[in-house]
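# Commentary on secondary and tertiary structure
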Amino acid sequence: MIDGVVYKIADCQEEREAAFRLIHDAYMKSGLMEPNAAGMRVTPHHCLPTTDLFVAYHGDQLIYTMSLISDDAMGLPLERVYEGEVNALRQSSGDYLAEVSCLAAREGHFPRGRMYQVFVRLAGLMVQSARENGVERLLIACHPRHARFYKNFLGFKQFGEQLNYSVVKNHPAVACQHDFALLDSERYKLYDKIYEYQFPYWELYHQPMLQEHRDYFAEITELCNAFFPLTEVA
């Protein structure tokens with residue numbers, strides 16, 4: 001663990017807003033979206049009681065974030081493009097699904113190797129929290145270049161063909177899945193690192209927004225939706 005870095009689930013308006021601003025800036029720099037007046041990237045899925053934002057802080061600086069959106073009546077963001085594939089997966093597996101989305105890092109805060117360590121520890125928190133809250137399979141829609149990493153190091157398997165997403169300026173994406181039960185037996189390169197540090201169970205519970213914070217971010221969501229639909233590409 002890197003000294004001075006704190007890993008947690010965002011549990012207040014200030015932490016969520018900082019995460020949404022980091023996502024906005026990272027997506028804009030990567031050419032996945034245009035800037036908006038709010039300076040945040042927020043979707044309706046972020047306001048659901050089963051969605052969590054995982055954050056890593058170094059001092060008072062938020063340096064990494066990722067979102068976990070659990071399956072519910074609203075469905076998952078990647079169903080905008082992979083609806084048939086996700087429904088087939090639900091029917092064939094019966095597993096409780098969740099989508100990993102909105103990965104963003106503060107570029108240049110640490111050298112690349114140290115930031116990689118932050119990512120692995122934060123991913124460990126996310127995976128352990130998902131499992132503690134009943135998730136059995138993770139889904140992700142990502143650039144094919146990033147998909148190679150998820151497949152080779154985190155055991156993801158592709159289940160949706162490559163598509164171009166107009167909502168992220170026609171960048172290509174593929175859908176991949178991470179089956180906890182299967183990968184507990186098959187393992188993968190980062191398996192031991194993901195579970196190396198066992199977070200206390202009380203740090204793994206959902207942190208739903210208060211209603212007043214949902215109302216605040218709902219207004220931001222409406223502004224964001226003027227610039228992009230709900231589909232997310234991690």
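Above this text you will find the structure in question.
The structure presented is a predicted model; accordingly, all values stated were derived computationally and were not measured.

Cut-offs used in this document
- Residues numbered from 1 in each chain as written.
- Predicted model: local features only at pLDDT ≥ 70, side-chain atom pairs only at ≥ 80, totals over all residues.
- Heavy atoms only, no water.
- Helix = DSSP H or I, 4+ residues; strand = E, 2+ residues; numbered from the N terminus.
- Polar contact = N/O pair within 3.5 Å; in protein donor to acceptor, adjacent residues only side chain to side chain.
- Buried < 20%, exposed > 50% of the residue type's maximum accessible area, 1.4 Å probe, protein only.
- Salt bridge = Lys/Arg side-chain N within 4 Å of Asp/Glu carboxyl O.
- Contact = heavy atoms within 4.5 Å.

## Some words on the side chain of Asp179
By secondary structure assignment, the location of Asp179 is in strand β7 (residues 171-179). A polar contact of 3.2 Å, which involves the side chain of Asp179, links it to the side chain of Arg137.

## Focus on unusual backbone geometry
Its identity is not glycine, yet Cys102 carries a phi of approximately 55 degrees, on the positive side. Phi angles above zero are rare outside glycine, and Arg187 is one such case at about 60 degrees. For Arg187, the location among the structural elements is in the loop between α5 (180-186) and α6 (191-196). For Arg187, a relative accessible area of 44% gives the class partly exposed.

## Overview of the pattern of salt bridges
Scanning all chains against the criterion turns up 12 salt bridges. Between Arg137 and Asp179 there is a salt bridge, with the nearest N and O atoms lying 3.2 Å from each other. Of this pair, Arg137 sits in strand β5 (residues 137-142) while Asp179 sits in strand β7, and the two are 42 residues apart along the sequence. Comparing Arg137 with Asp179 shows no difference in burial state: the two are buried. Note that Lys157 is salt-bridged to Glu186, the shortest N-O span being 3.6 Å. Note that Lys157 is positioned in strand β6 (residues 157-165) and Glu186 in helix α5, a separation of 29 residues in sequence.

## Observations concerning the environment of Phe180
Tracing the sequence through the fold places Phe180 in helix α5. Residues Phe180 and Arg131, 49 residues apart in the sequence, show an inter-C-alpha distance of 8.2 Å. With residues near it in sequence (within four places) discarded, Phe180 still touches Val127, Ala130, Arg131, Val135, Glu136, Arg137, Leu138 and Tyr195.

Just distances and angles here, no functional claims.
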